[in-house]
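Reading the structure
Listed here are the chains, written in short residue letters.
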Amino acid sequence: MTALFRQLVNFSEVIGRDAWGKPTLSALTPAAARVQPSRKLIRDASGAEFVASFVVYTAAPITLRHRVWFPGDDTTDFNRARRPVAIDEHVDGAGVVRYRRVWF
């Protein structure tokens, strides 16, 4: 599956907030991925229903605390970053996470 990750996304974790409430981010990390448009009804972490616009397949350790920039996005602009709504992990028989589906 990871051989199909031919695009590059960048992600960064929100590690805090400054005095004005602006998010503080960890270092930007590139990751191989596949970005795909999607129109799927999913539930977010709080159980609310949400229509996903994109799904990203990647082996990167992206969590709900991360922000993700798609190929071509300006990584210096926090407002261009996308926030994951739900994450599914594909685990093999040995218990190893092989890839993640990240819903946006």
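What you see is a predicted model, and the numbers here were worked out from it, not measured in a lab.

Description of the overall build of the chain
For the chain, the helix and strand inventory stands at zero helices and seven strands. Each helix (α) and strand (β) of the chain, taken in turn from the N terminus, gives the series β-β-β-β-β-β-β. Its C-alpha atoms give the chain a radius of gyration of 14 Å, near enough to 13 Å, the size a compact globule of 104 residues would have. The principal-axis extent of the C-alpha atoms belonging to the chain is close to 45 × 30 × 25 Å. Counting only residues that meet the buried cut, the chain has 33% of its 104 residues in that class. A sequence separation of at least 24 residues applies to 46% of the contacts in the chain between residues at least 6 apart. Approximately 6400 Å² of the chain is accessible, and the part contributed by carbon and sulfur atoms is 51%.

Brief notes about the side chain of Asp 73
Structurally, the position occupied by Asp 73 is in the loop between β5 (66-69) and β6 (86-91). We classify Asp 73 as buried; its relative accessible area is 13%. In terms of polar contacts, Asp 73 uses its side chain to reach the side chain of Arg 82, at 3.2 Å. Contacts of Asp 73, omitting those with residues within four sequence positions, involve Arg 80 and Arg 82.

Topic: the packing of aromatic side chains
Applying the stated criterion across every chain yields a total of three aromatic pairs. Centroid distance Phe 54 to Phe 70: 5.2 Å. Interplanar angle 75 degrees. Geometry classified as edge-to-face. Taken together, the positions of Phe 54 in strand β4 (residues 49-58) and Phe 70 in the loop between β5 and β6 put the pair 16 residues apart, joining distant regions of the chain. Judged by centre distance (6.2 Å) and plane angle (50 degrees), the rings of Tyr 57 and Tyr 99 are tilted. Of the two residues, Tyr 57 is situated in strand β4 and Tyr 99 in strand β7 (residues 97-103); the sequence distance between them amounts to 42 residues. Summarising the burial analysis for this pair, Tyr 57 and Tyr 99 share the class buried. A connected cluster of aromatic rings, assembled from ring pairs, spans Phe 54, Phe 70 and Phe 104. In this structure, Arg 34 packs its charged tip against the face of Tyr 57, placed 4.4 Å from the ring centre.

Analysis parameters
- Residues numbered from 1 in each chain as written.
- Predicted model: local features only at pLDDT ≥ 70, side-chain atom pairs only at ≥ 80, totals over all residues.
- Heavy atoms only, no water.
- Helix = DSSP H or I, 4+ residues; strand = E, 2+ residues; numbered from the N terminus.
- Rg over C-alpha atoms; globule rule 2.2 N^0.38 Å.
- Buried < 20%, exposed > 50% of the residue type's maximum accessible area, 1.4 Å probe, protein only.
- Contact = heavy atoms within 4.5 Å.
- Areas by Shrake-Rupley, 256 points an atom, 1.4 Å probe, with all protein chains shown as cover.
- Polar contact = N/O pair within 3.5 Å; in protein donor to acceptor, adjacent residues only side chain to side chain.
- Phe/Tyr/Trp six-rings, centres within 6.5 Å; stacked < 30°, edge-to-face > 60°.
- Lys NZ or Arg CZ within 6 Å of the ring centre and 35° of its normal.

In short, geometric facts, not functional conclusions.
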